[in-house]
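Geometric and topological summary
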Amino acid sequence: MDVIEKLTDRFFADIFRPEDRQLVKFIFREEHTQANVDALLKGWDIEVAGGGKALALSYVAKRHPELDFGTYTGPRLVGMWTRVRFETLRLMAHFNKVVKALNAAGLRPMVIKGGAIKILNPSRPRIMGDVDLIVRDGDYDQAREIVHGLGYVEK
């Protein structure tokens, strides 16, 4: 094992709690079986895990509708997927409004970070609080005025 693999294993063990390690290993399995799901759910509580981890597990549930995530966890995973999907759609509507206004003024913003990931993988919901854009340095003041004119404020 090379140094990078050893460091990765060490960070994984030091940073992630045992139940989080179990979830990450489950999500990235080559094959998902009902026995694997049952083993995970035996020691995993969606309410304790929280939204981000539940959403990560919902990706597996969505890809494998043949698997039963139980009467308690299964519907919550579906609900999490749906809720985050609609929240993201609302956010992306604001994003589209801003980009159209910038483009109409001849500005070409670049989407970065989570927004870029969302555009590259539109069918997968992701928890997002904003969409980050960058513009050329000389376009910043004009872009800022356009965005303010749309009713948006800076944080």
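Further up the page is the structure itself.
I will try to describe carefully the structure that is included in this document. (Residues numbered from 1 in each chain as written. Predicted model: local features only at pLDDT ≥ 70, side-chain atom pairs only at ≥ 80, totals over all residues. Heavy atoms only, no water.)

To describe two helices that pack against each other, one gives the angle between their axes and the distance between the axes. Between helix α6 (residues 70-104) and helix α8 (residues 140-149), the least distance of the axes is 10 Å, while the angle of their chain directions is 130°. In terms of orientation, α6 and α8 fall into the oblique class. Along this stretch, α6 crosses α8, giving a crossing that reads as right-handed. Seen from α6, the contacting residues are Val98, Ala101 and Leu102; seen from α8, they are Ala143, Ile146 and Val147. (Axes fitted to C-alpha atoms, helices over the stretch in contact; angles between N-to-C directions. Helix = DSSP H or I, 4+ residues; strand = E, 2+ residues; numbered from the N terminus. Parallel < 35°, antiparallel > 145°, perpendicular 65-115°, else oblique. Left-handed = near helix turned anticlockwise from the far one by under 90°. Contact = heavy atoms within 4.5 Å.)

Below, the discussion takes up the environment of Val60. Along the chain, the position of Val60 falls in helix α5 (residues 51-63). Placed 35 residues apart in sequence, Val60 and Lys25 show a C-alpha to C-alpha distance of 12 Å. Apart from residues lying up to four places away in sequence, Val60 is in contact with Phe26, Ile27, His32 and Phe69.

Attention now moves to the nonpolar core. Phe26, Trp44, Leu57, Phe69 and Leu77 are the most contacted members of the largest nonpolar core, which has 21 residues in total. In terms of residues, this core owes the most to one element, α5, which gives six residues. (Core = buried A, V, L, I, M, F, W, Y, C linked by side-chain atoms within 4.5 Å. Buried < 20%, exposed > 50% of the residue type's maximum accessible area, 1.4 Å probe, protein only.)

With that settled, the discussion passes to the side chain of Lys118. Its place among the elements puts Lys118 in helix α7 (residues 114-120). No salt bridge is formed by the buried Lys118; its nearest oppositely charged neighbour, Glu87, is found at 11 Å. A distance of 2.7 Å separates a polar atom in the side chain of Lys118 from the backbone oxygen of Pro122. Ignoring anything within four residues of it in the chain, the contact list for Lys118 reads Thr88, Met92, Ser123, Arg124, Pro125, Arg126 and Met128. (Lys, Arg positive; Asp, Glu negative; His and termini not counted. Salt bridge = Lys/Arg side-chain N within 4 Å of Asp/Glu carboxyl O. Polar contact = N/O pair within 3.5 Å; in protein donor to acceptor, adjacent residues only side chain to side chain.)

This brings us to a nonpolar patch on the surface. The grouping of Val3, Leu7, Phe11, Ile15 and Phe16 at the surface amounts to a nonpolar patch, some 510 Å² of accessible area in total. Tracing the sequence through the fold places Phe16 in the loop between α1 (3-15) and α2 (18-27). (Patch = residues over 30% accessible without salt bridge, like charges linked within 9 Å, V, L, I, M, F, W, Y side chains within 5 Å. Areas by Shrake-Rupley, 256 points an atom, 1.4 Å probe, with all protein chains shown as cover.)

Within the secondary structure, Met110 sits in strand β1 (residues 110-112). Look at Met110 and you get partly exposed, because its relative accessible area is 49%. Taking the C-alpha atoms as reference points, Met110 and His64, 46 residues apart in sequence, are found 34 Å from one another. Leave out the neighbours within four places in its chain, and Met110 touches Asp132, Leu133 and Ile134.

This paragraph deals with the packing of aromatic side chains. In total, this model carries one aromatic pair according to the counting rule given. When the ring of Tyr59 is compared with that of Trp81, the centres are 5.7 Å apart and the planes differ by 90°; the resulting orientation is edge-to-face. Taken together, the residues Tyr59 in helix α5 and Trp81 in helix α6 connect sequence positions 22 residues apart. Of the two residues examined, Tyr59 and Trp81, each falls in the buried class. Against the face of Phe86 rests Arg85, its NZ or CZ located 4.9 Å from the ring centre. Seen from the ring of Tyr59, Arg124 lies directly overhead, with NZ or CZ sitting 4.4 Å from the centre. (Phe/Tyr/Trp six-rings, centres within 6.5 Å; stacked < 30°, edge-to-face > 60°. Lys NZ or Arg CZ within 6 Å of the ring centre and 35° of its normal.)

This part covers the pattern of salt bridges. Throughout the structure, instances matching the rule amount to eight salt bridges. A salt bridge links Asp20 to Arg17, with the nearest nitrogen and oxygen atoms 3.4 Å apart. Asp20 gets classed as buried once you look at its relative accessible area, which sits at 11%. Looking at Arg17, the relative accessible area reads 39%, which means it is partly exposed. For Lys53, the salt bridge goes to Asp20, with nearest N and O atoms at 3.1 Å.

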